Amino acid sequence: MANNIPANLKYAKTHEWVRVEGDIAVIGISDHAQDSLGDIVYLDLPEAGRILAHGDTFGEVESVKAVSEIYSPVSGEVVESNTGIQDSTEIVNEQPYLGGWLIKVRMSDASELDSLLSAEQYAEVAEAEGH
Amino acid sequence: MSDNNLLKTPLHAAHLALKARMVDFAGWDMPVLYTGILEEARAVRATVGLFDISHMGRIHLEGSGATALLQSLTTNNVEDLKPSEAQYSLLTNPDGGMIDDIIIYRAAGEEYWVVINASNAQKDIDWITQHMPDSVVLEDWSSRTAMIAVQGPNAPAVVAELAISPSLKELKRFQYHQGDLLGASTIFCRTGYTGEDGFEIIVPAESAEEIWNALVAAGGVPCGLGARDALRIEAGYPLYGHEIDDTTTPVEAGLMWVVDLNKPVFTGHERIRAVKTQGAATRLVGLTLPSERLVPRQGFAVYSGDTLVGHVTSGVFSPMRSHGVAMAYIAKEFATTGTALQIEIRSKRANAVVVPKKSLLQS
């Protein structure tokens, strides 16, 4: 089953997506990632103010089946965490690109976005992994 | 993805048609989920779910001495079984360890069906064969038949209606009936592994897919091994490799209710008697994590403050309670109901409370 990979987002090989809003990067996990994990039941998210470098672990997503770390695709400061969904984590399964976003980061180096994958490139990564 | 080296049940094609996600379970290519573990588990509690459990072993034992054989190899009292009754029991080794947990069905005086775990099938068959007199014949019916669990409050009505046999609803728990389902010779047993009412049915392999599809059409929700595991943990049922193994006795496991120390001797009875007399150092308990969404998993350490008091054997995010629940072997001083403990989940300590295994669903 093909997963939804919106064309207007950037992706990391580790299955995070980034939506750019000015100097803010909104970050979540891809539809492929949520589908592979299955029912998500726990989200560990950083507090606002935390400084992240590109590739840092910023939290973890736990499903009934498995635990997965989540990595920051960009460097910068966490300005907001979507802590409101920590008791209704199914929203990450249902709306991974909308209500299921995880953190917003004020980017310190927007040029890092150039190294991320396009939707087409990420589709190949997801396809190669299959299920 | 299907792996061609794995064993396939007679329902394998049906699982692929339903777009199940398949996993290797004890060498079998089995569905772990169809739509979602939580949704499937909740369907079993609310209506009726279907599980392919054909990977479990089904053996037929018949002949003079079959009763004595089972009496000597298993812990429960086979003489308590009337024809058309089944019992939960244990195969034990000379050290009192649990080789497997099994269900014995008595068909007639010296004729039995025994259902064994997939992961232990060859070990169990070898063990029984080693001890079997020449007058008893063991036949492995596993590949000739399929086994489907139909579980949930609507299960008896669905099965009885499909079998056009209203009297099936009158069967008591652990009674079984040999009858007809869509023209196929079927064993209907009022058993299950979910904590819900229902049946486990054994059908000919060639009829399995038609029967499965008819059960789906009748409202049965296909459920994978993920939901099965979640449901059995909520119900406080043990699983070989988690709560049960060859080095643990039924005393620690809280399974003395299926051990009859008054019957004629069985393998391992001296050791089990001794452990019972001394008292076990550890006990299998339920742990509830009422304010915790982290999932306690097998092997996680359990603490009382700085003292390591045991390890989790099984755990899950409870589909019904929406928080973590677990089973764990805990040092007996800390195993009293109501004791506050902490489970180490990666870098965190999650608060847990000891509860009876059977009340995890209410915890």
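A. Spatial organisation of the overall build of chain B. The helix and strand inventory of chain B stands at eight helices and 19 strands. Against the 2.2 N^0.38 benchmark of 21 Å for 363 residues, chain B shows a C-alpha radius of gyration of 20 Å, consistent with a compact globule. Projected onto its principal axes, the C-alpha positions of chain B cover 60 × 50 × 40 Å. Here chain B holds 363 residues, and the buried ones make up 50% of them. Sequence separation of at least 24 residues holds for 67% of the intrachain contacts in chain B that already meet a minimum separation of 6.

B. Fine view of the overall build of chain A. Scanning chain A for helices and strands turns up three helices and nine strands. Overall, chain A shows an N-to-C arrangement of helices and strands of β-β-β-α-β-β-β-β-β-α-β-α. Compactness check: chain A gives a C-alpha radius of gyration of 13 Å against a globular reference of 14 Å for 131 residues, within 12% of the reference. Seen through its C-alpha atoms, chain A measures out along the principal axes to roughly 35 × 35 × 20 Å. Excluding contacts between residues fewer than 6 apart, the proportion of contacts in chain A whose partners are at least 24 apart in sequence is 67%.

C. Spatial organisation of unusual backbone geometry. Phi at His15(A) takes a positive value of approximately 80°, unusual for a residue other than glycine. Residue placement: His15(A) occurs in the loop between β1 (10–11) and β2 (16–21).

D. Just the interface of chain A and chain B, in detail. With ten residues of chain A in contact, the opposing surface of chain B contributes 14 residues. The residue inventory of the side of chain A that touches chain B, partitioned by class, reads four nonpolar, three polar and three charged.

E. Broad picture of the sheet that holds strand β17 (residues 324–331) of chain B. Residue and element names in this part refer to chain B. With antiparallel pairing, the six strands of this closed barrel are ordered in space as β14-β17-β16-β15-β18-β19. Looking at each pair of strands side by side, their axes are set apart by 40° on average, direction ignored. One ladder, built from six bridges, connects strand β18 (residues 340–345) with strand β19 (residues 348–355); its direction is antiparallel. Residue pairing across strands places alanine 340 opposite valine 353, the latter belonging to β19. The sheet strands contacting helix α7 (residues 225–234) are β16 (307–317) and β17, and the helix crosses β16 at an angle near 130°.

F. Geometry of the nonpolar core. The biggest cluster of nonpolar side chains holds 140 residues, and the ones touching the most others in it are Ile104(B), Ile148(B), Val150(B) and Ile201(B). Leaving out residues up to four positions away in the same chain, Ile148(B) has contacts with Leu50(B), Phe51(B), Asp52(B), Ile53(B), Ile201(B), Val203(B), Ile211(B), Trp212(B) and Leu215(B).

G. Highlighting the sheet that holds strand β11 (residues 184–189) of chain B. Residues and elements named next belong to chain B. Spatially, six strands are ordered β10-β11-β12-β9-β3-β13 in an open sheet, and the strand pairing comes out mixed. Two strands bound the open sheet, and with one partner strand each, they are β10 (176–181) and β13 (221–222). Summarising the sheet, strand β9 (residues 145–151) and strand β12 (residues 198–204) pair through seven bridges and their orientation is antiparallel. Along β12, the bridge assignment pairs methionine 147 with isoleucine 202. Lying over the sheet, helix α2 (residues 37–46) contacts β3 (49–52), β9 and β13, oriented at roughly 120° with respect to β3.

H. Focus on the confidence of the model for chain B. Here chain B shows a mean pLDDT of 97. Residues at 70 or above account for 99%. Interface confidence for the predicted complex, expressed as ipTM, amounts to 0.87; the pTM equals 0.94.

I. View of the domain arrangement of chain B. Assigned domains of chain B: these are domain 1 (12–56 + 143–234), domain 2 (57–140) and domain 3 (281–362). Distance between the C-alpha centres of domain 2 of chain B and domain 3 of chain B: 34 Å.

J. Up close: the environment of Tyr329(B). Residue and element names in this part refer to chain B. Mapped onto the secondary structure, tyrosine 329 falls in strand β17. Residue classification places tyrosine 329 among the buried positions, given that 21 C-beta atoms sit within 10 Å. Sequence separation between tyrosine 329 and valine 221 is 108 residues, and the spatial gap between their C-alpha atoms is 34 Å. Residues in contact with tyrosine 329, not counting those within four places in the same chain, are Glu252, Thr282, Leu284, Gly310, His311 and Thr313.

K. Examining helix α4 (residues 121–131) of chain B more closely. Residue and element names in this part refer to chain B. All of the buried residues along α4 are Ala121, Asp124 and Ile128. Here the buried residues of α4 occupy an arc of 70° about the axis, which is enough to place them on one side. Exposed side of α4, more than 90 degrees from the buried face: Asp126, Thr129 and Gln130 are the residues found there.

L. Expanded view of the pairing of strand β2 (residues 28–33) of chain B. Of all six residues that make up β2(B), five are buried, and the element is covered over most of its length. Here strand β1 (residues 21–25) of chain B folds back onto β2(B), and the loop between the two strands holds two residues, one of which, Ala26(B), carries a positive phi near 50°.

M. Representation of the pairing of strand β7 (residues 67–71) of chain A within the structure. All names here are of chain A. With five bridges joining them, strand β6 (residues 57–63) and β7 adopt antiparallel strand pairing. Looking across to β7, one finds that glutamate 62 is bridged to valine 67. In sequence, β6 turns back onto β7 through a hairpin of three residues.

N. The arrangement of the environment of Glu62(B) in detail. Assignment of secondary structure puts Glu62(B) in strand β4 (residues 57–62). Placed 45 residues apart in sequence, Glu62(B) and Ala107(B) show a C-alpha to C-alpha distance of 9.4 Å.

O. Highlighting the packing of α2(B) against α7(B). All names here are of chain B. Interhelical geometry of α2 versus α7 gives an angle of 55° and a closest axis separation of 8 Å. Here α2 is positioned oblique relative to α7, judged by the angle of their axes. Between α2 and α7 lies a crossing of right-handed hand. Of the residues in α7, those touching α2 at Ile37, Glu40, Ala41 and Val44 are Gly226, Ala227, Ala230 and Leu231. Looking at side-chain class alone, the contact of α2 with α7 contains six nonpolar, one polar and one charged residues.

Parameters at a glance
All chains use their own residue numbering, which begins from 1 and follows the written sequence. All chains are assigned letters beginning with A, and all ligands numbers beginning with 1, in the order in which they are written. Per-residue local features of the predicted model are confined to residues with pLDDT of at least 70, and side-chain atom pairs are confined, for both listing and counting, to 80 or more; whole-chain, interface and lining totals are unaffected and use all residues. In DSSP terms, a helix is any run of H or I states spanning at least four residues, a strand is any run of E spanning at least two, and both are numbered starting from the N terminus. Based on C-alpha atoms, the radius of gyration is set beside the globule rule, defined as 2.2 Å times the residue count to the power 0.38. Once C-beta atoms are placed from the backbone, each residue is buried if 20 or more other C-beta atoms lie within 10 Å of its own, exposed if 12 or fewer, and partly exposed for counts between those two. Each residue is represented by a C-beta atom placed from its backbone, and any two residues with such atoms within 7 Å are regarded as in contact. Any residue outside Ala, Val, Leu, Ile, Met, Phe, Trp, Tyr, Cys, Pro, Asp, Glu, Lys and Arg is labelled polar, Gly included; the first ten of those are nonpolar and the last four are charged. In this scheme, strands are said to pair when DSSP sees at least two bridges between them. Axes, fitted as lines to C-alpha atoms, cover a helix only where it is in contact. Angles between the N-to-C directions of the axes lie from 0 to 180 degrees. By convention in this section, buried Ala, Val, Leu, Ile, Met, Phe, Trp, Tyr and Cys residues joined through C-beta atoms within 7 Å make up a nonpolar core. Every residue carries a pLDDT, the predictor's confidence in it, which falls somewhere between 0 and 100. An automatic or database domain assignment supplies the residue ranges for each domain. In this context, the arc is that of the directions from the helix axis out to the C-beta atoms. Oblique is the label for any angle not covered by the other classes, which are roughly parallel (under 35 degrees), roughly antiparallel (over 145) and roughly perpendicular (65 to 115). Throughout, a crossing is termed right-handed when the near helix is turned clockwise from the far one, and left-handed when it is turned anticlockwise from it by less than a right angle.

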